[in-house]
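Chain by chain, the residues run as shown.
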Amino acid sequence: MHFHSINLSSLEFYFKKWPEFYLLVFFCFLISIRLYLKNKNQVLVHWPIVGILPSLLQNAHRIHDWTVDISNTFGGTIIGRGTIFRCLEILFTCDPRNVKYILSTNFSNFHKGSDYIEAFDLLGEGLFSADSHFWFAQRRIARMTFNSKMVRNIISNTGQKVVQDSLLPLLAHVAKQSSVVDLEDMFLRYAFDTSITIIFGRNPNYLSTSFPSNELANAMDDASEAIFYRHIVPSSWWKLCRRLMIGSNERKLAKARRTIDQLLAKYITAKREDMLAAKGSTEETDLLQVYMGLKEGEKDELLLSKMSCDKFFRDTAMTFLSGGRDTTGPALTWFFWLVSKNPIVEAKILEELKHVFLKNTKKGEKCSLRLTKRRLWVFDADDLTEMVYLHAALCESLRLYPSLPLIRRGAREDDVLPDGTVVKSGMMIIISNYAMGRMEWVWGKDCLEFKPERWIDEDGKLNHETLTKLNSFSVGPRICIGKDMAFVLMKSAASAMLFNFHVEVLEGQNIQPKPSIVLQMKDGLMVRIKERMLS
């Protein structure tokens, strides 16, 4: 009671001494309530002191669709402000002209920056997060590696083998059991197995009938979710939480990172042991072995010093694994969902697949090598190049549901974008690939339709002019090096599945994007698999 009376006396004393201050606080409170009631249904509100933070928090659960609302309401490019505690201006754009300028034309002025590297610290100094000279050095060897015929063969052969030995047998098992499965989980397992096999030369076999728990993949999902929420709250807050190790988000990220580091270290150690056991052999069977061999003859001193320790290979493996698993799996899931809703598109893809199949059976050369034990057909790399309509359908799916829906950059110096927007030094730039694919002024009135024909020209070939508008793999100097190989893996799985099976999506599901840095489905995609009887 004594303590309570002291507090009341103190409040009375301060109120008498500075009544203006308390009246101001009360007035601000009333104004805030009035502003909230007036603007609670608006797409974006710039609040006093806290800037756009309340709007961001309010829409975090539907962040990607919110970017579409912003673009339809305010136009292709707008500028917002963060809280008063961090005087940061944020430029949001989905205008293709500005995107090309930022990512390609004046690429050197728009870097990832120290804030980006700190937010994505899980990636280390890999190709996704590195900047300046070290990025150029890594980009050079990555381009050389992925352009080599040997690595291309490793990737295409791995995709075909995993489809033939794992994916199709699993689908046949599910079809026989008439069970319901999460198609996104299945595709993430496919992407994980192919990525690990390509990187380390050994198949972890998570794409099996027992659906084993995947500790590394689970840790990657936890990390992605935590990194996403780092972009929702003020940076000063998550950095404080990280330093003091408080809050579930940063604790979850720290745990995920320990798991990822430990498991990648085991893979790298096993690869070194395999190479030591095969000493004298010149055959390179995976990406990590190729990278470890690049040290000989490399002249860049910084790159050489980095390659002398396993952290470089850990960061490289993490980059390729996240680039392969976190993009291919979700992309295939959205593709099959869209195809299930558009039977005419499915029929056209099947017509193309049957045409390619008949050409092979007429040749009669080594056809038995491409049949599984259950007589399920697998298409090879040469077949995939003939699948124009399938490629167009995948492009259309990536337009509407890009695996990387948001791209973040920072401005080094003042600049002016093609639409006249003034960019200031230090400004954070957010590019929405998701919103860009849904703008009527970019794609026409049918922008929300699933229409693969928009990617095909009058001669029945892929329309290169339209392909330049596909931003799912970024553009410019930082365009995804594995873009072509991603299409090989997606087409390999999609062609074999559609040719041999019918995917029936269960009704009543609420299909929406998960709030994350990669565009997964929020609750997966539950389906039934049935063997297809082709006439």
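Only a predicted model underlies this, so the values are computations on that prediction, with no experimental measurement involved.

What counts, and at which threshold
Residues numbered from 1 in each chain as written. Predicted model: local features only at pLDDT ≥ 70, side-chain atom pairs only at ≥ 80, totals over all residues. Heavy atoms only, no water. UniProt positions renumbered as here; feature names shortened; annotations may be inferred. Helix = DSSP H or I, 4+ residues; strand = E, 2+ residues; numbered from the N terminus. Buried < 20%, exposed > 50% of the residue type's maximum accessible area, 1.4 Å probe, protein only. Pairing = 2+ DSSP bridges. Contact = heavy atoms within 4.5 Å. Axes fitted to C-alpha atoms, helices over the stretch in contact; angles between N-to-C directions. 1 Å grid on protein atoms, 1.4 Å probe; cavity = no way out; pocket = protein on both sides within 12 Å on 5 of 7 lines; lining within 4 Å. Points joined across faces, edges and corners; volume = space filled by probe spheres on them. Nonpolar A, V, L, I, M, F, W, Y, C, P; charged D, E, K, R; others polar. Domains from an automatic or database assignment. Phe/Tyr/Trp six-rings, centres within 6.5 Å; stacked < 30°, edge-to-face > 60°. Patch = residues over 30% accessible without salt bridge, like charges linked within 9 Å, V, L, I, M, F, W, Y side chains within 5 Å. Areas by Shrake-Rupley, 256 points an atom, 1.4 Å probe, with all protein chains shown as cover. Salt bridge = Lys/Arg side-chain N within 4 Å of Asp/Glu carboxyl O. Core = buried A, V, L, I, M, F, W, Y, C linked by side-chain atoms within 4.5 Å. Expected span 1.5 Å × (residues − 1). Polar contact = N/O pair within 3.5 Å; in protein donor to acceptor, adjacent residues only side chain to side chain.

**Here we look at the UniProt feature "binding site: heme" (unreviewed entry) in the chain**
So, point 1. According to UniProt, the feature "binding site: heme" (unreviewed entry) maps to Cys480 in the numbering used here.
So, point 2. Its place among the elements puts Cys480 in the loop between helix 21 (464–467) and helix 22 (483–500).
So, point 3. By relative accessible area, Cys480 is classed as partly exposed at 32%.

**Observations regarding the pairing of strand 10 (residues 526–531)**
Successive residues of a regular strand alternate their side chains across the two faces of the sheet.
So, point 1. Direction of pairing for strand 4 (residues 180–182) relative to strand 10: antiparallel, over a ladder of three bridges. Its bridge partner being in strand 10, Val180 is matched across the sheet by Arg528.
So, point 2. Two elements, strand 9 (residues 501–505) and strand 10, share five bridges in a ladder whose sense is antiparallel. Each residue of the ladder has a partner; that of Val505, found in strand 10, is Val527.

**Examining the environment of Leu470**
So, point 1. Along the chain, Leu470 turns up in the loop between helix 21 and helix 22.
So, point 2. Beyond its immediate chain neighbours, meaning those up to four positions away, Leu470 contacts Cys395, Leu398, Arg399, Trp455, Val475 and Phe487.

**Digging into the sheet that holds strand 2 (residues 89–93)**
So, point 1. As summarised here, the arrangement of the five strands in space is 1-2-8-5-3, forming an open sheet in which the pairing is mixed. Both edges of this open sheet fall to strand 1 (77–81) and strand 3 (110–111), since each of them pairs with a single strand only.
So, point 2. In terms of strand pairing, strand 5 (residues 406–411) meets strand 8 (residues 428–432) through five bridges, oriented antiparallel. By the bridge assignment for strand 8, Leu406 is matched with Ser432.
So, point 3. Packed on one face of the sheet, helix 4 (residues 63–74) meets strand 1, strand 2, strand 5 and strand 8 and runs near 85° to strand 2.

**What to know about empty space enclosed by the protein**
So, point 1. Taken as a whole, this structure holds four cavities of 30 Å³ or more when the rule is applied.
So, point 2. For the largest cavity, the full set of lining residues is Leu398, Arg399, Pro402, Asn433, Met436, Gly437, Trp443, Lys469, Leu470, Asn471 and Ser472.
So, point 3. Sorting the residues of the lining of the largest cavity by element identifies helix 18 (388–400) and helix 19 (433–436) as the ones contributing at least two each.
So, point 4. In terms of residue class, the lining of the largest cavity is built from five nonpolar, four polar and two charged.
So, point 5. No fewer than three residues from each of domain 1 (38–105 + 405–437) and domain 2 (106–360 + 374–404 + 438–531) sit in the lining of the largest cavity.
So, point 6. Estimated volume of the second largest cavity: approximately 50 Å³.
So, point 7. Every residue lining the second largest cavity is listed: Ala60, His61, Arg62, Ile63, His64, Asp65, Gln512, Pro513, Lys514 and Pro515.
So, point 8. The residue makeup of the lining of the second largest cavity, split by class, is four nonpolar, three polar and three charged.

**Brief notes about unusual backbone geometry**
So, point 1. With phi around 60°, Asn205 is a residue other than glycine that occupies positive phi space.
So, point 2. With respect to the helices and strands, Asn205 occurs in the loop between helix 9 (183–200) and helix 10 (215–230).
So, point 3. When its relative accessible area of 42% is taken as the criterion, Asn205 is described as partly exposed.
So, point 4. The phi dihedral of Met245 is positive, around 50°, even though this residue is not glycine.
So, point 5. If you trace the backbone, Met245 turns up in the loop between helix 11 (235–244) and helix 12 (248–277).
So, point 6. Residue classification places Met245 among the partly exposed residues on the basis of a relative accessible area of 36%.

**Quick word on the packing of aromatic side chains**
So, point 1. For the structure shown, the criterion picks out 24 aromatic pairs.
So, point 2. On the basis of an interplanar angle of 55° and a centroid distance of 6.5 Å, the ring pair of Phe134 and Phe312 is categorised as tilted. Of this pair, Phe134 sits in helix 7 (residues 132–147) while Phe312 sits in helix 15 (residues 310–341); the two residues are 178 residues apart in sequence, bridging distant segments of the chain.
So, point 3. We classify Phe312 as buried; its relative accessible area is 5%.
So, point 4. Judged by centre distance (6.2 Å) and plane angle (70°), the rings of Tyr401 and Tyr434 are edge-to-face. Of the two residues, Tyr401 sits in the loop between helix 18 and strand 5 while Tyr434 sits in helix 19, which places them 33 residues apart along the sequence.

**Quick notes on the sheet that holds strand 4**
Through backbone hydrogen bonds, the strands of a sheet pair up, either in parallel or in antiparallel fashion.
So, point 1. With antiparallel pairing, the three strands of this open sheet are ordered in space as 4-10-9. If you trace the sheet from one side to the other, it starts and ends with strand 4 and strand 9, each paired once. Averaged over all neighbouring strand pairs, the angle between strand axes comes to 45°, with direction disregarded.
So, point 2. The strands that helix 9 touches are strand 4, strand 9 and strand 10; relative to strand 4, the one it contacts most, it runs at about 55°.

**Describing a nonpolar patch on the surface**
So, point 1. Where nonpolar side chains cluster on the molecular surface, the patch consists of Trp237, Leu240, Leu244 and Ile246 and spans about 380 Å² of accessible area.
So, point 2. Along the chain, Ile246 falls in the loop between helix 11 and helix 12.

**Section: the nonpolar core**
So, point 1. Formed by 143 residues in total, the largest nonpolar core has its most connected members in Leu216, Phe335 and Ile349.
So, point 2. Looking at this core, the element that brings in the most residues is helix 15, giving 14 residues.
So, point 3. The residues that make up this core include at least three from each of domain 1 (38–105 + 405–437) and domain 2 (106–360 + 374–404 + 438–531).
So, point 4. Residues Ile52, Ile70, Leu88 and Met428 belong to the second largest nonpolar core, which totals 15 residues.

**Overview of helix 9**
So, point 1. For helix 9, with 18 residues, the first-to-last C-alpha span of 25 Å sits near the 26 Å given by 1.5 Å per residue.
So, point 2. Taken across its 18 residues, helix 9 has 17 buried, putting it largely inside the fold.
So, point 3. N-capping of helix 9 is provided by Asp182, with a side-chain oxygen placed 3.0 Å from the backbone N of Glu184.
So, point 4. The positive-phi residue at the C-terminal boundary of helix 9 is Gly201, with phi of around 80°.

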